Amino acid sequence: MKRFTAWRRRPWAGYAVVLAALAAIGVIYAGFQPRPDRAEATATAAAANDLQNGKALFNKNCASCHGLNAEGTKDAKGNPIAPSLIGVGAASVDFQVGTGRMPAANPGAQIPRKAPIPDFNTLIDTDVEDPEERAVLERQKARAEKNLADLRAYVASLGNGPDVPSAQAVDPKGGDVALGGKLFRTNCAQCHNFVGSGGALTGGKYAPPLDKSDVTPRQIYEAMLTGPQAMPVFNDTTLTPRDKKAIIAYLVQTREEPDPGGNGLGRIGPVSEGLVGWLVGIGLLVLAAMWITAKKPKKLKKS
């Protein structure tokens, strides 16, 4: 005890205690502090696994047409079979695969919309009463969403391109409907019809309808951003994000408007309505006249 008291009275004893306390605090703090390098390593490993899964999905579903390196393919005569995907971006993949257009069963003039394949079917309806069945469907949907995200990430890693738009960018509630109608009639109505009902093009191609509820605002935005098939690209210089949002607001409002007459007749205005009224009205009058004249008067009996 005397030795400890003598040691404590030495001039440097106070400094030693302070250094020991600081060292103990440092050790305790280091023990509880999160390791950013470990978190970064975990995130990097997860991203690498996602890219590997995306590459495997690409090789399974896309490489047969687009090439193992996504460089595109040609036939024996040099005609392109499938385009290169280098630089198309995540938005193009999300649109083409999410709408079922890709993978394409039979390449042709126009690749139609269809149900996505099971690996990428994010449209699975999970609203079922059976809890076990609902859990299975939710797992399938979650897996499909991850597969689509991994495929997007892999194709995006091959070259820079448009990214998937955010939920705020495609929200029709914040769009200017009047401006959207003007822009749509100027840039889109020539192919898609004034209200987005679609229309025929040359060479077996057609502009798909946009007035169906399965055409989501995000898909409309991605189509303008990437220009799929015969559609031109409307980048942010041609149509700003505000313009795109306005067009989406116009289409969503138009598709929700009721048809007072019962049948919209393509919703292209008084021309179609007048034509149908004329043909149906004149046709009924002609049939009525034929029915009246077909009745022969009965001959009067001689008394």
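Figured I'd write up the structure that's included with this text. In this text the structure is predicted, and so the values were computed from the model without any measurement. (Residues numbered from 1 in each chain as written. Predicted model: local features only at pLDDT ≥ 70, side-chain atom pairs only at ≥ 80, totals over all residues. Heavy atoms only, no water.)

**Focus on the overall build of the protein**
Item 1. Secondary structure assignment for the protein yields 11 helices and 4 strands.
Item 2. Across the 303 residues that make up the protein, the buried fraction comes to 29%.
Item 3. Look at the contacts in the protein between residues 6 or more apart in sequence, and 57% of them connect residues 24 or more apart.
Item 4. A total accessible area of about 20,200 Å² is found for the protein, and carbon and sulfur atoms account for 61% of it. (Helix = DSSP H or I, 4+ residues; strand = E, 2+ residues; numbered from the N terminus. Buried < 20%, exposed > 50% of the residue type's maximum accessible area, 1.4 Å probe, protein only. Contact = heavy atoms within 4.5 Å. Areas by Shrake-Rupley, 256 points an atom, 1.4 Å probe, with all protein chains shown as cover.)

**A closer look at a nonpolar patch on the surface**
Item 1. On the surface, Leu275, Val276, Trp278, Leu279, Val280, Ile282, Leu284, Leu285, Val286, Leu287 and Met290 cluster together into a nonpolar patch covering about 1,100 Å² of accessible area.
Item 2. Assessed through its relative accessible area of 55%, Leu284 is described here as exposed. (Patch = residues over 30% accessible without salt bridge, like charges linked within 9 Å, V, L, I, M, F, W, Y side chains within 5 Å. Salt bridge = Lys/Arg side-chain N within 4 Å of Asp/Glu carboxyl O.)

**So, the pattern of salt bridges**
Item 1. The tally for this structure, following the rule as stated, stands at 8 salt bridges.
Item 2. Here Asp236 and Lys244 are joined by a salt bridge, their closest N and O atoms 3.0 Å apart.
Item 3. Its relative accessible area of 39% is what places Asp236 among the partly exposed residues.
Item 4. Among the charged side chains, a salt-bridge network with shared partners connects Asp94, Arg152, Arg218 and Glu222.

**Description of the side chain of His66**
Item 1. Here His66 is to be found in helix α4 (residues 63-66).
Item 2. His66 sits in the buried class, given a relative accessible area of 9%.
Item 3. Every residue in contact with His66, bar those within four places of it in the chain, is listed here: Phe58, Glu71, Gly72, Thr73, Ala82, Pro83 and Leu85.

**Some details on helix α5 (residues 89-98)**
Item 1. Among the 10 residues that make up α5, 10 are buried, leaving the element largely enclosed by the rest of the structure.
Item 2. Gly89, Ala90, Ala91, Ser92, Val93, Asp94, Phe95, Gln96, Val97 and Gly98 are the residues of α5 that are buried.
Item 3. Each element contacted by the buried residues of α5 is listed here: α6 (131-157) and α9 (217-226).
Item 4. Positive backbone phi, approximately 80°, marks Gly100, located one or two places after α5.

**Looking at the environment of Leu51**
Item 1. Structurally, the position occupied by Leu51 is in helix α3 (residues 36-61).
Item 2. On the accessibility criterion, Leu51 (34% relative accessible area) is partly exposed.
Item 3. Spatially, the C-alpha atoms of Leu51 and Asp150 are 6.0 Å apart, while their sequence positions differ by 99 residues.
Item 4. Those residues in contact with Leu51 that sit more than four places away from it in its chain are Ala153, Tyr154 and Ser157.

**A short note on the nonpolar core**
For soluble globular proteins, nonpolar side chains are generally found buried alongside one another.
Item 1. Core analysis: the largest hydrophobic core is formed by 20 residues, its most contacted members being Phe184, Ile220, Met224, Leu239, Ile247, Ile248 and Leu251.
Item 2. At the level of secondary structure, the elements contributing two or more residues to this core comprise α7 (177-187), α9 and α10 (241-256).
Item 3. At 5 residues, α10 tops the list of elements feeding residues into this core.
Item 4. Dropping the residues within four chain positions of it, Ile220 is found in contact with Val215, Ile248, Leu251 and Arg255. (Core = buried A, V, L, I, M, F, W, Y, C linked by side-chain atoms within 4.5 Å.)

**A look at the packing of α5 against α9**
Item 1. Put simply, α5 and α9 touch, their axes get as near as 9 Å, and they point 125° apart. In this view, α5 runs oblique relative to α9, as classed from their interaxial angle. Seen from above, α5 lies across α9 with left-handed handedness. Contacts between α5 and α9 pair Ala91, Ser92, Asp94, Phe95 and Gly98 from the former with Arg218, Gln219, Glu222, Ala223, Leu225 and Thr226 from the latter.
Item 2. The residue inventory of the contact of α5 with α9, partitioned by class, reads 4 nonpolar, 4 polar and 3 charged. (Axes fitted to C-alpha atoms, helices over the stretch in contact; angles between N-to-C directions. Parallel < 35°, antiparallel > 145°, perpendicular 65-115°, else oblique. Left-handed = near helix turned anticlockwise from the far one by under 90°. Nonpolar A, V, L, I, M, F, W, Y, C, P; charged D, E, K, R; others polar.)

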